[in-house]
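Listed below, chain by chain, are the residues.
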Amino acid sequence: MDELVEITRDLVSISSHEDETKAGDFIEGWLRTETDAEVTRDEIGNVIARKGTGVETDTELALVGHHDVVPPDESQVENGEYVVEERDGRLYGRGTADMKGSVVASMLAFRDANPTCELVFASFVAEELGGDGARHAVENGFSPDYAIVAEGSTNYSKDGVTDVVIAHRGRRASTITASGSAAHASEPEAGENAIYRACDAVDIVRDCSVPTVSVLGHEISGSVVATEIEGGSAWNVIPAGCEITIDERTVPGERADLEAVEDIEGVTWTVEQDLPPMECDDAEFADAVLESARDAQESEPKHVTKPHATDAGWLSQAGVTCVVCGASEPGEAHTKNESVGIDVLERCYRIYRNTAERL
């Protein structure tokens, strides 16, 4: 599909790591020109379009993406625009995989589908900052029955296949703060060593059991790990303070018991960010999208799980039945050589359109 490649090149070239406005303008303008859908742009920049309100069923299916990206490598920018190159059947550039390519596949599927339900297209802002756009949309009434979130699901079960993600992990970032009292290091008993207290807390983190849950017959496990430590002021001073950063990957319905660190004197625990996990709560919908994926490719896709948080977590938490299905492959997003297969974008277009016309 030459059109898919051309529009992807145009959207990817627009800088959107600091300000998503121009990328949102492009998407909104295209939808208004190419479709007769009801198109809205909210106050923070989310673009949402609806069609098919006259169909017999009142079921809503949303095709969901985001048009912000992480900061590019300097090699990916030229004269204020992102560099987009096509070679060996792939498009290279910041945002090709995560996830403007799949946004364009969703736009075209939204335009071309003759839906059996009310069909919604949504591209959110600030996903890379923790899902601020999706949260804003949910808080202001965005609540479709079903959603396909177009984050990466390609090459998960095996190379050359685009799978359907039925669960993914969330991320809870937290800080352990240990307080003590300073003293001269030659008289350690005169103070309270905050680093020792922090180490006691790290022992609890290290021994903390992480949950494993089952979603539609597939197991997904959490993890928890200390990733940063900062404390002390000088080599000859008993430290009065120490901080530990904790990265926890959460699973639906379960959390590690990190609160236990506060049983240690002088230790507090603060959650800095909590991105929710996602689980599909409807086997029939998961199977329907999988069937659409089978019909869109020669390989045999599977239901899989994903280790990373996406906007599907915010939607799922709000009661939307979600799966994740998109072109990005493991190891492509956020890299200086980020790229996406053109054939995979075409495949995703077929998956999205198939589902909209069969649900």
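Bear in mind that the values here come from a model prediction, so they are computed numbers and not experimental data. (Residues numbered from 1 in each chain as written. Predicted model: local features only at pLDDT ≥ 70, side-chain atom pairs only at ≥ 80, totals over all residues. Heavy atoms only, no water.)

### As for the packing of helix α1 (residues 2-12) against helix α8 (residues 342-358)
Packed helices, taken two at a time, are described by the angle between their axes plus the distance between the axes.
Link 1 in the chain: At a minimum axis separation of 10 Å, α1 and α8 run at an interaxial angle of 105°. By the criterion of interaxial angle, the relationship of α1 to α8 is roughly perpendicular. Contacts between α1 and α8 involve L4, V5 and T8 from the first element and I342, L345, E346 and Y349 from the second.
Link 2 in the chain: Among the residues making up the contact of α1 with α8, the classes are represented as five nonpolar, one polar and one charged. (Axes fitted to C-alpha atoms, helices over the stretch in contact; angles between N-to-C directions. Helix = DSSP H or I, 4+ residues; strand = E, 2+ residues; numbered from the N terminus. Parallel < 35°, antiparallel > 145°, perpendicular 65-115°, else oblique. Contact = heavy atoms within 4.5 Å. Nonpolar A, V, L, I, M, F, W, Y, C, P; charged D, E, K, R; others polar.)

### A few points about the side chain of T310
Link 1 in the chain: Note on placement: T310 falls in the loop between β20 (303-306) and α7 (312-317).
Link 2 in the chain: On the basis of relative accessibility, which here comes to 5%, the residue T310 falls in the buried class.
Link 3 in the chain: Within polar-contact distance, the side chain of T310 engages the side chain of H168 at 2.9 Å.
Link 4 in the chain: Discounting chain neighbours no more than four positions away, the residues touching T310 are E127, V149, E151, H168 and V324. (Buried < 20%, exposed > 50% of the residue type's maximum accessible area, 1.4 Å probe, protein only. Polar contact = N/O pair within 3.5 Å; in protein donor to acceptor, adjacent residues only side chain to side chain.)

### Observations concerning the sheet that holds strand β11 (residues 170-179)
Link 1 in the chain: Here we have four strands laid out as an open sheet, ordered β15-β17-β11-β18, and antiparallel in their pairing. Looking at the sheet topology across the chains shown, the edges are occupied by β15 (223-231) and β18 (267-275). For this sheet, the mean angle separating the axes of adjacent strands, direction not counted, is 20°. (Pairing = 2+ DSSP bridges.)

### Regarding the pairing of strand β9 (residues 146-149)
Link 1 in the chain: The two faces of β9 match: Y146 and I148 on one face and A147 and V149 on the other face are all buried.
Link 2 in the chain: Note: strand β3 (residues 60-66) against β9, four bridges, orientation parallel. Its bridge partner being in β9, A62 is matched across the sheet by A147.
Link 3 in the chain: One ladder, built from four bridges, connects β9 with strand β21 (residues 321-324); its direction is parallel. When the sheet's bridge partners are listed, V149 is paired in β21 with V324.

### As for the sheet that holds strand β6 (residues 85-87)
Link 1 in the chain: The antiparallel open sheet is built from three strands, whose spatial order is β6-β7-β22. Every other strand in the sheet has two partners, leaving β6 and β22 (339-341) as the edge strands with one partner each. Averaged over neighbouring strand pairs, the angle between their axes works out to 25° when direction is ignored.
Link 2 in the chain: Direction of pairing for β6 relative to strand β7 (residues 90-92): antiparallel, over a ladder of three bridges. Counted as the bridge partner of E85 is Y92 from β7.
Link 3 in the chain: Together, β7 and β22 form the strand contacts of helix α3 (residues 96-112), whose direction differs from that of β22 by roughly 45°.
Link 4 in the chain: Helix-sheet contacts for α8 involve β6, β7 and β22, and the interaxial angle to β22 is about 65°.

### Regarding the packing of helix α2 (residues 21-34) against α3
Link 1 in the chain: Where α2 meets α3, the closest approach of the two axes is 11 Å, and the angle between their N-to-C directions is 20°. Between α2 and α3, the crossing angle belongs to the class labelled roughly parallel. Relative to α3, α2 is oriented so that their crossing is right-handed. For the pair α2 and α3, contact is made by I27, W30, L31 and E34 and by V103, M107, L108, F110 and R111, respectively.
Link 2 in the chain: Its residues placed into classes, the contact of α2 with α3 shows seven nonpolar, no polar and two charged. (Left-handed = near helix turned anticlockwise from the far one by under 90°.)

### Quick notes on unusual backbone geometry
Among all residues save glycine, negative phi is the norm, and among peptide bonds the norm is trans.
Link 1 in the chain: At the junction of D98 and M99, the peptide bond is cis and its omega measures out at -10° in the coordinates.
Link 2 in the chain: The residue M99 is located in helix α3 in this model.
Link 3 in the chain: Positive phi, normally seen in glycine, also occurs at N79, with a value near 55°.
Link 4 in the chain: Counting through the fold element by element, N79 comes out in the loop between β4 (77-78) and β5 (81-82).
Link 5 in the chain: Given a relative accessible area of 78%, N79 falls into the exposed group.
Link 6 in the chain: Non-glycine residue D88 carries a positive phi angle of around 55°.

### Structural notes on the nonpolar core
Link 1 in the chain: The biggest cluster of nonpolar side chains holds 58 residues, and the ones touching the most others in it are L31, I148, V323 and Y352.
Link 2 in the chain: Looking at this core element by element, the count peaks at nine residues for α3.
Link 3 in the chain: Apart from the residues within four sequence positions on either side, L31 is in contact with V39, V47, A49, F110 and F121.
Link 4 in the chain: In terms of nonpolar packing, the next biggest core, distinct from the first, is built from 21 residues, A122, V165, L315 and V324 among them. (Core = buried A, V, L, I, M, F, W, Y, C linked by side-chain atoms within 4.5 Å.)

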